[in-house]
Amino acid sequence: MSGENQGAHAPVEENIRGPSVIPFGPQHPVLPEPLHFDLILQDEKIVGAVPQIGYIHRGLELLVEKRDFTDYVHVAERICGICSFMHGMGYCEAVEGVLGVEIPDRAKWLRTFWCELERVHSHLLWLGLAADAFGFESLFNAAWRTRELVLDVAEETSGGRVIFGSAIVGGVSRDPSKETLERCMKALKSVRGDVARLSHVMLEDPTVQHRLVGVGTLSKERAYELGAVGPMLRASGYDYDARKRGYAAYGEVEFKSVVETAGDSMARAAVRIREIEQSFAILDQVVAKIPEGPVSIPIKGMPPVGECFARLEQPRGEVVYYVRSNGTRNLERFRVRTPTFANIPAMVEAMRGASLADVPTITLTIDPCISCTER
Amino acid sequence: MSDKEVQEIIEIEPSKLLSEVDQLRSAAWRLVQILCIGQQGGAELSYSFGTDGERGLRMRSLRFTVSEGTNVPSITALYPAAFLYENEIRDLFGVAIERIAGDWMGKVYDVAKDTPFKKVTVSPMSSEGGIK
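Note that the structure is predicted; figures quoted are calculated from it, not measured.

Scanning chain A from N- to C-terminus turns up twelve helices and eight strands. Since a compact globule built from 375 residues should have a radius of gyration of about 21 Å, the 23 Å found for chain A is in line with a globular shape. Oriented by its inertia axes, the alpha-carbon framework of chain A measures out at about 95 × 50 × 30 Å. Out of the 375 residues belonging to chain A, those deemed buried represent 54%.

Next up, the structure:
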């Protein structure tokens, strides 16, 4: 027999291609920060992903040995430009745990105010980036335009738009008046209207649903096993929110964790959008209940030998701070376990079984913050 | 600190790490973080696990000290998500962790200096120090 028809009669195994590896990142249009995946594909389907971080690790934790413990809060705030206030506050909470001091009630309520303001602007930033990832640029523009108004309120109350600079060891450094807070809440009314309209588009638009529903699904069991946190965990049906610890004034604020059950990209989007609305409700409570009084206590002398863990709920999930003091003004160790770091294994799991075209969407619905991760 | 949360630190023998972690896994505790602190001639490791819901908000840290060059077993067979923490600890602190499922062979952090967090100045914490 001649060899002209050998291709048609070749063994089946020879016609099946093995897996291919596609690099994704560290430079990619949907990634504002460097993150890399080696995506292992069988045809168009992802069968595995190997993550890679560490491109811009800054060693900020090590700086704690060279800075006065009260000054280091400025470094801690600069771990990230989105959840900066919470980084500063988390550091302060851990140091205050070592010192054994209780900050004034008004400071606790103000910290809660700025935490929720930060959650709103972070989720709006995410909404814009996620929309941009699947090509909905008008939604991206609308979300970021709305976010600007939130930043205006942050500036009016704290003095900073991105780095608030208002968290200090022993309380807060700014004391906006009740009139200022009420004026800000009035200004945020238009933001609430905008968020309602944007939410409707994000959650109801059929083209958005086509890109998000059933994409990047993570089961409740796997999310828990893989140590997922924040919206990533709650979108899979697990009810855990570190604010339930009752830090700052959260013990006196009424709120319920936002939980979805589908575990897909749309569920993660829904959790964040509902959390924006929840944050506004918490802000209302803060302005209504905030007591008068001092906003800080003086911190003098050396911190005692000791250590403390503090856990907070950032927009991306639970963050863990640890400080250890040796009795001098320079701490021995400061450690941050950021939510994105904890969510990377779950992100890899969510990609399995998805198509290559869905990788940007899945990555963005996890809302990775590489700046935090590369602290 | 919060009154609603119980935090505890339990000092263990390094050889008991896997059995202790296995017990926590069987009881469905979640891996919260792994902390490493460089010490003169070694390192101190704290493996933190959490629970919540009906069992209450708790965080338990298993702590032990290892001398330089001593191998620490990986817990990735029990908690696969530990691979990132373990790679990080090996890259930054130089702690030898063996049999990591997902071993990046020192490529997690592209740092100019090897094991930059490895310390020689820190004294071990007394067991009475505890967590505040």
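Having seen the model, we can carry on.
This brings us to the overall build of chain B. In terms of regular secondary structure, chain B is built from two helices and six strands. The contacts in chain B between residues at least 6 apart in sequence include a share of 59% that link residues at least 24 apart.

With 29 residues of chain B at the interface, the matching set in chain A holds 33 residues. Sorting the residues of the side of chain B that touches chain A by element identifies strand E1 (5-11), strand E2 (30-39) and strand E4 (57-67) of chain B as the ones contributing at least two each. Here the side of chain B that touches chain A takes six residues from E2 of chain B, the largest share from any one element. A per-class count over the side of chain B that touches chain A returns 18 nonpolar, four polar and seven charged.

Our focus in this paragraph is the nonpolar core. Counting 150 residues, the largest nonpolar core has Tyr91, Ala94, Val95, Tyr321 and Val323 of chain A together with Cys36 of chain B as the members making the most contacts within it. The leading source of residues in this core is helix H3 (residues 105-133) of chain A, at 15 residues. Each of domain 1 (17-57) and domain 2 (61-367) of chain A accounts for three or more of the residues forming this core.

Residue and element names in this part refer to chain A. It is at 9 Å that the axes of H3 and helix H9 (residues 265-289) come closest, and there the two elements cross at 155 degrees. Between H3 and H9, the angle is such that the two are roughly antiparallel. Two packed elements cross with a definite hand, and for H3 against H9 that hand is left-handed. Seen from H3, the contacting residues are Trp109, Thr112, Phe113, Glu116, Leu117, Arg119, Val120, His123, Leu124, Trp126 and Ala130; seen from H9, they are Ala269, Arg272, Glu275, Ile276, Ser279, Ile282, Leu283, Val286 and Lys289. For the contact of H3 with H9, the per-class residue count stands at twelve nonpolar, three polar and five charged.

Residues and elements named next belong to chain A. The strand order E1-E2-E3 describes an open sheet built from three strands, whose pairing is antiparallel. Two strands in the sheet have a free side with no partner beyond their single neighbour: strand E1 (20-24) and strand E3 (45-52). Mean inter-strand twist for the sheet, computed between neighbouring axes without regard to direction, equals 25 degrees. Strand direction decides the pairing type here: E1 and strand E2 (residues 36-42), joined by five bridges, are antiparallel. Across the sheet, residue Ile22 finds its bridge partner in E2, namely Leu39.

Moving on, we come to H3 of chain A. Residues and elements named next belong to chain A. The terminal C-alpha atoms of H3 lie 42 Å apart, and with 29 residues this matches the ideal 42 Å at 1.5 Å per residue to within 8%. Here H3 lies mainly inside the structure; 26 of its 29 residues are buried. Count one or two residues on from H3 and you reach Gly135, which has phi positive near 85 degrees.

Okay, unusual backbone geometry next. Here Asp43 of chain A, not a glycine, exhibits a phi torsion of approximately 55 degrees, which is positive. Residue class for Asp43 of chain A comes out exposed when judged on the 11 C-beta atoms lying within 10 Å of it.

So, on to the pairing of E4 of chain B. Residue and element names in this part refer to chain B. Where E1 lies against E4, seven bridges are found, and the strand directions are parallel. If you follow Ile10 over to E4, its bridge partner there is Leu62. Two successive antiparallel strands, strand E3 (residues 42-51) and E4, enclose a turn made up of five residues, where Gly53 displays a positive phi of approximately 70 degrees.

Here the focus is the domain arrangement of chain A. Many structure descriptions define interface size as the accessible area lost when the parts assemble. All names here are of chain A. Domain assignment breaks chain A into domain 1 (17-57) and domain 2 (61-367). When each unit is reduced to the centre of its C-alpha atoms, the spacing between domain 1 and domain 2 is 27 Å. Taken together, the twelve residues of domain 1 in the interface contact 13 residues of domain 2. At the level of elements, E1, E2 and E3 are the ones that each hand at least two residues to the side of domain 1 that touches domain 2. Ranked by the residues each element gives to the side of domain 1 that touches domain 2, the list is headed by E3, at six residues.

All right, on to the confidence of the model for chain B then. Across chain B, the average pLDDT comes to 83, with 87% of residues at or above 70. Predicted confidence in chain B is weakest over strand E6 (residues 96-98) of chain B, with a mean pLDDT of 87, and strongest over helix H1 (residues 17-26) of chain B, with 93.

Turning to the environment of Ala142 of chain A, a few remarks are in order. Positionally, Ala142 of chain A belongs in helix H4 (residues 137-158). Separated by 118 residues in the primary sequence, Ala142 of chain A and Phe24 of chain A have C-alpha atoms spaced 28 Å apart.

When pLDDT is averaged across chain A, the result is 88; 95% of the residues are at 70 or more. Segment residues 1-8 of chain A is flagged for pLDDT under 50; beyond a separation of four residues in sequence, or across chains, it makes zero contacts in the model.

Turning our eyes to something else, we now look at the sheet that holds strand E8 (residues 333-337) of chain A. All names here are of chain A. Pairing is antiparallel across the open sheet formed by three strands, whose spatial order is E6-E7-E8. A single partner strand is all that each edge strand has here, and the edge strands are strand E6 (305-314) and E8. Across the sheet, the axes of successive neighbouring strands diverge by a mean angle of 10 degrees, strand direction being ignored. The pairing of E6 with strand E7 (residues 317-326) spans ten bridges and is antiparallel. Across the sheet, Gly306 pairs through a bridge with Ser325, a residue of E7. Across the sheet, helix H2 (residues 84-99) touches E6, E7 and E8, and the angle it forms with E6 is around 145 degrees. With respect to the sheet, helix H10 (residues 339-351) is in contact with E6, E7 and E8, its orientation differing from that of E7 by roughly 130 degrees.

So, about the environment of Leu149 of chain A. All names here are of chain A. Residue placement: Leu149 occurs in helix H4. For the pair Leu149 and Ile282, spaced 133 residues apart in sequence, the C-alpha separation works out to 18 Å. Apart from residues no more than four positions distant in its own chain, Leu149 is found in contact with Ala187, Ser190 and Val191.

Time to look at the packing of H4 of chain A against helix H5 (residues 178-204) of chain A. The packing of two helices is summarised by the inter-axis angle and the distance between the axes. All names here are of chain A. At a minimum axis separation of 10 Å, H4 and H5 run at an interaxial angle of 165 degrees. Looking at the two axes, H4 sits roughly antiparallel to H5. In the crossing of H4 with H5, the sense of the turn from one axis to the other is left-handed. Across the interface between the two elements, Leu139, Ala142, Ala143, Thr146, Leu149, Val150, Val153, Glu156 and Thr157 from H4 touch Thr180, Cys184, Ala187, Leu188, Ser190, Val191, Asp194, Val195, Leu198, Val201 and Met202 from H5. Across the contact of H4 with H5, the residue classes break down as 14 nonpolar, four polar and two charged.

Each value, and the rule that gives it
- Here, residues in each chain are numbered from 1, in the same order as that chain's written sequence.
- For naming, the first written chain is A and the first written ligand is 1, with later ones following in the order written.
- With pLDDT at 70 or above as the cut-off, local features in this predicted model cover only qualifying residues; side-chain atom pairs require 80 or more to be listed or tallied, and sums for whole chains, interfaces and linings still use all residues.
- In DSSP terms, a helix is any run of H or I states spanning at least four residues, a strand is any run of E spanning at least two, and both are numbered starting from the N terminus.
- All radius of gyration figures rest on C-alpha atoms, and the globule criterion is 2.2 Å times the number of residues raised to 0.38.
- Here a residue counts as buried when 20 or more other C-beta atoms fall within 10 Å of its C-beta, as exposed when 12 or fewer do, and as partly exposed in between; the C-beta atoms come from the backbone.
- By the convention adopted here, residues are in contact when the distance between their C-beta atoms, placed from the backbone, does not exceed 7 Å.
- Basically, the charged four are Asp, Glu, Lys and Arg, the nonpolar ten are Ala, Val, Leu, Ile, Met, Phe, Trp, Tyr, Cys and Pro, and anything else, Gly included, counts as polar.
- As used throughout, a nonpolar core is a set of buried Ala, Val, Leu, Ile, Met, Phe, Trp, Tyr and Cys residues joined through C-beta atoms within 7 Å of each other.
- Boundary definitions for the domains trace back to an automatic or database domain assignment.
- Helix axes use the C-alpha atoms of the stretch in contact, all axes being lines fitted to C-alpha atoms, and the angles between their N-to-C directions lie in the range 0 to 180 degrees.
- Convention used here: angles under 35 degrees read as roughly parallel, angles over 145 as roughly antiparallel, angles from 65 to 115 as roughly perpendicular, and any remaining angle as oblique.
- What makes a crossing left-handed is the near helix being turned counterclockwise from the far one by less than a right angle; a clockwise turn instead makes it right-handed.
- In this analysis, strands are considered paired if DSSP registers two or more bridges between them.
- Expected span, for any helix, means 1.5 Å times one less than how many residues it has.
- Every residue carries a pLDDT, the predictor's confidence in it, which falls somewhere between 0 and 100.

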